[in-house]
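# Fold and contact review
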Amino acid sequence: MDLEAFANKFLEIFYAQNLFGADASTRPGLSIFYRENSLLTFEEQKFTGVQAITEKYVGLPQMRYQCASRDVQPSAPDGSVLIYIIGQIMYEGTDHPQTFSQVFHLVPEGGQWYILNDIFRFVYVAA
């Protein structure tokens, strides 16, 4: 498998078509990426399962993003993949981007993939 192409396609679908889509109405579509054993840590808040994770993302304000860099690696013998992102989010109505990092642990399941672990953190510049 071409990991670079896989990561690019995943990020296009997850970010551009769902989380940061034209409007927040696409966010419930994120539920297809998660299972009941999936875990999200979002700024130290922990969410488990499809409903809790989807509700967290649906509740975020409208925003745009730009991916500054990403890394992808094969993970375990089961064929899982790690994707690490650094990017910037700009909330609608603001002019100041906020840097973030995010890690996805994607696991194969029956010819498809799901997110087992999702860790999101804003990156704050130390003064």
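Heads up: the structure comes first, above all this text.
Below, the structure is looked at part by part. Not measured: the values here are computed from a predicted model.

What follows is about the nonpolar core. Formed by 31 residues in total, the largest nonpolar core has its most connected members in Phe10, Phe14, Tyr15, Tyr57, Ile83 and Phe104. Of all elements in the fold, only helix 1 (3-19), strand 1 (34-42), helix 2 (50-58), strand 3 (63-74), strand 4 (81-91), strand 5 (98-109) and strand 6 (112-122) reach the threshold of two or more residues within this core. A per-element tally of this core places helix 1 first, with 8 residues. Look past the residues within four positions of Phe14 in its chain and what remains in contact with it is Leu19, Leu30, Phe33, Tyr34, Tyr57, Gln102, Phe104, Ile115 and Asp118.

Once that is clear, we can look at unusual backbone geometry. At Glu43, a position not held by glycine, the phi torsion is positive, near 50°. Mapping Glu43 onto the fold places it in the loop between strand 1 and strand 2 (45-48). Backbone geometry places Glu44, a non-glycine residue, at a positive phi of 75°. Mapping Glu44 onto the fold places it in the loop between strand 1 and strand 2. Taking relative accessible area as the criterion, Glu44 reaches 60% and is therefore assigned exposed.

About the thresholds
Residues numbered from 1 in each chain as written. Predicted model: local features only at pLDDT ≥ 70, side-chain atom pairs only at ≥ 80, totals over all residues. Heavy atoms only, no water. Core = buried A, V, L, I, M, F, W, Y, C linked by side-chain atoms within 4.5 Å. Buried < 20%, exposed > 50% of the residue type's maximum accessible area, 1.4 Å probe, protein only. Helix = DSSP H or I, 4+ residues; strand = E, 2+ residues; numbered from the N terminus. Contact = heavy atoms within 4.5 Å.

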